[in-house]
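Structural overview for review
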Amino acid sequence: MKTQVCIIGGGPSGLMLSHILDANGIDNVVLERQSKEYVMGRIRAGVLEHNTVQMLRDYGLNERLDKIGKPKDGTLILWENRPEFFIDIKKWTGKQMMAYGQTYITEDLYAARERDGGAVICEAQNVALHDIESDTPHVTYEKDGNIHRVDCRFIAGCDGFHGPSRKAIPSSHSQEFHREYPFGWMGIMVEQPPVENFIYAYHSDGMAMAAQRNEMLSRYYVQAPINDTPEDWSDDRFWETLLTRFPEEYAKKIKTGPSIEKSMAPLRSFVSEPMRHGSLFIAGDAAHIVPPTGAKGLNLAFSDVHYLQRALVSYFKGGNVALIDSYSQTALRRVWSAENISWRLTKLLHVFPGEDPFEQKLRENDYDLLLMSEAAQHALAYEYMGLPFED
Ligand code: RFL
Ligand code: PHB
């Protein structure tokens, strides 16, 4: 098979890139390791930045988003024995965020790819990248017992943290930056009406969070020790922990019930630089991971896709290599800004096992500054919103 761009990974970044390239007449193929049902069943992010919503609108993916997405002016922070604080994005940036699950986005993208006759090959096993330093790279994969080959001009590695694309870049040409956290988020999904806002609750036992998917579907999280598994957390234990960590007036508004899903997400910060090597680009979780505090992961994947599609369109339509050459540098500025805000919010809102009282005093001081300073409120809202795309 011959194509212009071979996209590895059919998650949100790979599918969105495929959709946009197609809209610009650029031939592409998506290779996804899992079945379509598996990819669509994954429960992950739930908050979209203004830029992400704009991209979905610009490319006609907003029909369901506009029906069931819930615009939000910001996010509430509750704090044990201190006043609450609202990160007021609307007030400080004039923009809103949107509550709309990643699962819906993936469904919308698969539906659009099918409608437009996009080439998405699921259950592609043993995907391998070849000759990425040349102008004629190719990708091989196995399906139904046969080995297939895709020849292309560029490869887009959109295959998440564990995929083969990042690993194809020689270590002598890349640098990795890590931060591991000694805790994770235990999350549950419950068929109950959610509370009105997204809420982060700081408590001396650990963080708790309220999120939402639709009018009858709520998502809640509690900070949990890193080695805990869902089996360690009965529904009763989960609810008791969550409700203790929320101030009483909020706890009584939370509608509990049996969980329909329960999972543990480890927290990690990670960046691999540069995001291009020869004819290979990496985008989304393949290139970077943020902890979920701040909900930046999916939004950052979309921002990479914005810069990457722009570079590829300008190359294939005008023979221009300037944006190809600047992709990594431009994308990384936004990546590091998201890494920074996610790290700061994680530090602000979690209890770090074994930390000394000095660290705790600094945390409280950071929060007190937010309560008293409009300059600090503005700065946080600006970064939390996600930086504007660069020209
Ligand atoms: P994805 O979604 O991981 O998709 C990558 C796709 O590549 C496929 N793949 C391969 N395909 C072919 N060959 C191979 N060898 C392959 N290896 C992997 C995978 O099957 C998959 O379909 O990356 P993408 O598209 O860059 O999208 C990124 C977002 O999914 C991610 O940033 C967020 O979901 C992160 N994240 C969250 N972000 C938020 O903003 N808010 C959240 O609440 C939130 N919760 C989460 C999360 C990520 C989680 N992970 C990674 C386990 C919760 C979890 C549990
Ligand atoms: C979610 O909707 O699951 C969600 C929202 C905000 C976060 C993390 C997760 O920071």
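Residues numbered from 1 in each chain as written. Chains lettered and ligands numbered in written order. Predicted model: local features only at pLDDT ≥ 70, side-chain atom pairs only at ≥ 80, totals over all residues. Heavy atoms only, no water.

What follows covers the overall build of the chain. Across its full length, the chain holds 13 helices and 20 strands. Taken over C-alpha atoms, the radius of gyration comes to 21 Å for the chain, in line with the 21 Å a tight globule of 391 residues would show. Considered along the principal axes of its C-alpha atoms, the chain spans approximately 60 × 40 × 40 Å. Burial statistics for the chain: of 391 residues in total, 53% are counted as buried. Considering only intrachain contacts with a sequence separation of at least 6, the fraction spanning at least 24 residues in the chain is 71%. Computing the positive centroid from 41 side-chain charges and the negative centroid from 54, the chain places the two 3 Å apart. (Helix = DSSP H or I, 4+ residues; strand = E, 2+ residues; numbered from the N terminus. Rg over C-alpha atoms; globule rule 2.2 N^0.38 Å. Buried < 20%, exposed > 50% of the residue type's maximum accessible area, 1.4 Å probe, protein only. Contact = heavy atoms within 4.5 Å. Lys, Arg positive; Asp, Glu negative; His and termini not counted. Charge placed at Lys NZ, Arg CZ, Asp CG, Glu CD.)

With respect to the helices and strands, the residue Glu-176 is situated in strand β13 (residues 175–190). Beyond its immediate sequence surroundings of up to four residues, Glu-176 is in contact with Arg-166, Phe-270, Val-271 and Ser-272.

Around ligand 1, a shell composed of 30 residues is seen, among which Ser-13, Glu-32, Arg-42, Gln-102 and Asp-285 lie nearest. Between ligand 1 and Glu-32, the relevant distance is 2.6 Å, taken from an oxygen atom to a side-chain nitrogen or oxygen of the residue. In this structure, Arg-33 approaches ligand 1 through a main-chain N or O atom, which is 3.2 Å from a nitrogen atom. Contact with the protein chains removes 84% of the 1000 Å² of surface that ligand 1 exposes when unbound. Every element with two or more residues in the shell around ligand 1 is listed here: α1 (12–23) and α10 (297–318). Here the shell around ligand 1 is composed, by residue class, of 13 nonpolar, 10 polar and seven charged. (Near = heavy atom within 4 Å. Polar contact = N/O pair within 3.5 Å; in protein donor to acceptor, adjacent residues only side chain to side chain. Areas by Shrake-Rupley, 256 points an atom, 1.4 Å probe, with all protein chains shown as cover. Nonpolar A, V, L, I, M, F, W, Y, C, P; charged D, E, K, R; others polar.)

This brings us to the site of ligand 2. Around ligand 2, the surrounding shell holds 13 residues, and the nearest of these are Tyr-200, Met-209, Arg-213, Tyr-221 and Pro-292. Tyr-200 is positioned with one of its side-chain polar atoms (N or O) 2.5 Å from an oxygen atom of ligand 2. Within the side chain of Arg-213, a nitrogen or oxygen atom sits 2.8 Å from an oxygen atom of ligand 2. Compared with its free state, where it exposes 280 Å², ligand 2 has 96% of that area covered by protein. Looking at the shell around ligand 2 element by element, the count peaks at three residues for strand β15 (residues 208–214). Taken together, the residues of the shell around ligand 2 break down into nine nonpolar, two polar and two charged.

Next up on the list: the UniProt feature "domain: FAD-binding" (unreviewed entry) in the chain. Residues annotated in UniProt with the feature "domain: FAD-binding" (unreviewed entry) correspond here to residues 2–339. In residues 2–339, helix accounts for 33% and strand for 33%; the two terminal C-alpha atoms are 37 Å from one another. (UniProt positions renumbered as here; feature names shortened; annotations may be inferred.)

Before going further, it helps to examine the nonpolar core. One finds Met-16, Leu-17, Leu-31, Leu-48 and Leu-312 to be the most contacted residues of the largest nonpolar core, which totals 66 residues. Excluding residues within four positions of it along the chain, Leu-312 makes contact with Val-5, Leu-17, Leu-21, Ile-26, Phe-154, Phe-281 and Ile-324. (Core = buried A, V, L, I, M, F, W, Y, C linked by side-chain atoms within 4.5 Å.)

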